[in-house]
Amino acid sequence: MYHRIARVRHDPWGIAVHPEQFEEQMDYVKRHRSAMPMDELVHQLSTGTLPADAVAITFDDGYRDNLVHAKAVLMRQGLPACLFLATGYVDRGEFFWWDELATMILESTGPVQYEQMCGVETILLDWPETDATDNAASEWKAWNEPRTARQKAYLAIWRILQRSPEKDRNAVMESLRLRFSKMQDPLAKPMNADDVRSFLEGGLITLGAHSVSHSALTSLSKAERQREIDLSGQRCRALSKMPVTGFAYPFGDMNQDVQRDVAACGYSWACSTEGAWLTGEQQNLFELPRIAVPSAPLQTFISLL
Ligand SMILES: [Zn+2]
């Protein structure tokens, strides 16, 4: 499971793999594993014919850096991959909110002191000028205890926004944009429709759906959830002019109701973010586990595989 292929200053969720490391990883996969498209992997899993060294490569969200840094590597190696696209961000011209939030808060050059409203909650933002502690803190990961005031604020706001209705989330982001400097990185932009079509060119890459607004699906009403699941698939079909058989849950957030909705919308399988190997005993095609690939030396990648 990949997200970004890029070098970034703050990566609290560990989703960015350096382009050189990605290239090494793909070279290794090509030489030592049987890489196959997701549909093929699911088919072979269902028929009990999946080889032990089978691998499928996936990308989540639809970052522009995938086109710039991953496409040529995949083509050169002849490696198939699946892109799970959050379709609402295509052509919206906005960054993914979690990246924008990280840039605004973690890279803010203070001082800041005010109370940020987040729906019914209030988060105190209070820190001085950037200091040495903040510079040393760029390696921080969000699953570790936040240490600086910026990290604490980032995580508190992220936790609220991750489960907020899209309208409320947009309102909070809009108010933050008025106070903090704007995110610039063009490679962090979501792909637009032309980018997606270029990414798919060559026939090695297929699309899977990843919802419209990238909302946590268990936080939505049944009607909203079904709309997110169904419309994102429709948009993927329109963009790729191909059947779209797979889905990936935003944030890995799902339960049995969500799985049933995904199946009812006509998908044949879905990926979770549970970090585990696929085994021959996997019965449920609507919670296929994936290994999150970190930006790390090749040896780490090999151990993970
Ligand atoms: Zn995602």
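S.K.: For this particular structure, what's the right way to read the overall build of the chain?
M.R.: The helix and strand inventory of the chain stands at 11 helices and 11 strands. For 305 residues, the compact-globule estimate of 2.2 N^0.38 gives 19 Å, and the chain sits close to it at 19 Å. Over its C-alpha atoms, taken along the principal directions, the chain stretches across nearly 60 × 45 × 35 Å. Once local pairs closer than 6 in sequence are excluded, the contacts in the chain between residues at least 24 apart make up 67%. Counting only carbon and sulfur atoms, one obtains 51% of the accessible surface of the chain, whose full area is about 14,000 Å².

S.K.: Is there a simple way to think about unusual backbone geometry in this case?
M.R.: What is expected of a backbone is that most residues other than glycine have negative phi and most peptide bonds are trans. In the Ramachandran plot, Ser211 falls in the positive-phi region, its phi being about 75° despite a non-glycine side chain. Checked against the element boundaries, Ser211 lands in the loop between strand S9 (205-209) and helix H9 (222-240). Unlike most non-glycine residues, His214 shows phi in positive territory, near 55°. The topology assignment puts His214 in the loop between S9 and H9. A relative accessible area of 3% places His214 in the buried class.

S.K.: Looking at this structure, I do not really get the coordination of the zinc ion. What am I missing?
M.R.: The textbook angles at a metal center are 109.5 degrees for a tetrahedron of four donors and 90 or 180 degrees for an octahedron of six. Within the protein, the atoms that donate to the zinc ion are Asp61 (OD), His210 (NE2) and His214 (NE2), at distances of 2.0 to 2.1 Å. Mapping the donors of the zinc ion onto the primary sequence gives the spacing D-x148-H-x3-H. When sorted by exposure, His210 lands in the same class as His214, which is buried.

Calculation rules
Residues numbered from 1 in each chain as written. Predicted model: local features only at pLDDT ≥ 70, side-chain atom pairs only at ≥ 80, totals over all residues. Heavy atoms only, no water. Helix = DSSP H or I, 4+ residues; strand = E, 2+ residues; numbered from the N terminus. Rg over C-alpha atoms; globule rule 2.2 N^0.38 Å. Contact = heavy atoms within 4.5 Å. Areas by Shrake-Rupley, 256 points an atom, 1.4 Å probe, with all protein chains shown as cover. Buried < 20%, exposed > 50% of the residue type's maximum accessible area, 1.4 Å probe, protein only. Donors = N, O, S within 2.8 Å, 3.2 Å for Na, K, Ca; no water.

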